[in-house]
Amino acid sequence: MEHIKVKIINESGNLLPAYETPSSAGMDVRARLSEPLTLAPLQRALVPTGLRIQLPQGYECQVRPRSGLALKHGISLVNTPGTIDADYRGEIGIIVINLSDKPYTITDGERIAQLVIKSYVHVTWEPVERIDDTARGDGGFGHTGVN
């Protein structure tokens, strides 16, 4: 497993994002709120974290939902995974949505999402007239069956 150092500014007063188990891929990130935020059913909001990061070139930070919040309360993220680019220096904000039929209140310090740091590559497009055939071909969107 590769380890990298990432510079972080924490203006939240909350704990830094952290791995909950030794094999966790995602680090839980916490809300930074001056007062509780109640989301009505189907309401979304940008939740601040008070965090700013400096990723090394060639890395991104993906923002993903927390499975427990999704299952127990219907709380998810609108753009998942969200991407924080290596050159972004603003505060990390989490776009949360309440997909349940009940209001949900987010409080300061609550774990609202998880962050996964990933390396990436840049692509140079090579325009061609034909691409190689495969057994799958252009089959997609459920072409392999119902189950």
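Everything that follows concerns the structure shown earlier in this document.
Residues numbered from 1 in each chain as written. Predicted model: local features only at pLDDT ≥ 70, side-chain atom pairs only at ≥ 80, totals over all residues. Heavy atoms only, no water.

## Considerations on the side chain of D28
Considering the arrangement of structural elements, one finds D28 in strand β3 (residues 27-30). Classification of D28 by relative accessible area gives buried; the value is 9%. Sequence-distant contacts of D28, defined by excluding residues within four places in its chain, comprise P17, A18, E20, R66, R111, A113 and Q114. (Helix = DSSP H or I, 4+ residues; strand = E, 2+ residues; numbered from the N terminus. Buried < 20%, exposed > 50% of the residue type's maximum accessible area, 1.4 Å probe, protein only. Contact = heavy atoms within 4.5 Å.)

## Examining the sheet that holds strand β2 (residues 18-19)
Taken in spatial order, the five strands line up as β2-β3-β12-β7-β9 in an open sheet, and their pairing is antiparallel. Only two strands of the sheet have a single neighbouring strand rather than two, namely β2 and β9 (82-84). Examined bridge by bridge, β2 and β3 share two bridges and lie antiparallel to one another. Looking at β3, one finds that Y19 is bridged to M27. (Pairing = 2+ DSSP bridges.)

## Side note on the environment of Y104
You can see Y104 is positioned in strand β11 (residues 104-106). Between the C-alpha atoms of Y104 and T38, which are 66 residues apart in sequence, the distance is 5.5 Å.

## Focus: unusual backbone geometry
Between T80 and the following residue, P81, the backbone shows a cis peptide bond with an omega angle of -5°. On the secondary structure map, P81 appears in the loop between β8 (75-77) and β9. Although it is not a glycine, L42 sits at a positive phi angle of roughly 70°. Mapped onto the elements of the fold, L42 is located in the loop between β4 (37-39) and β5 (44-48). We classify L42 as exposed; its relative accessible area is 60%.

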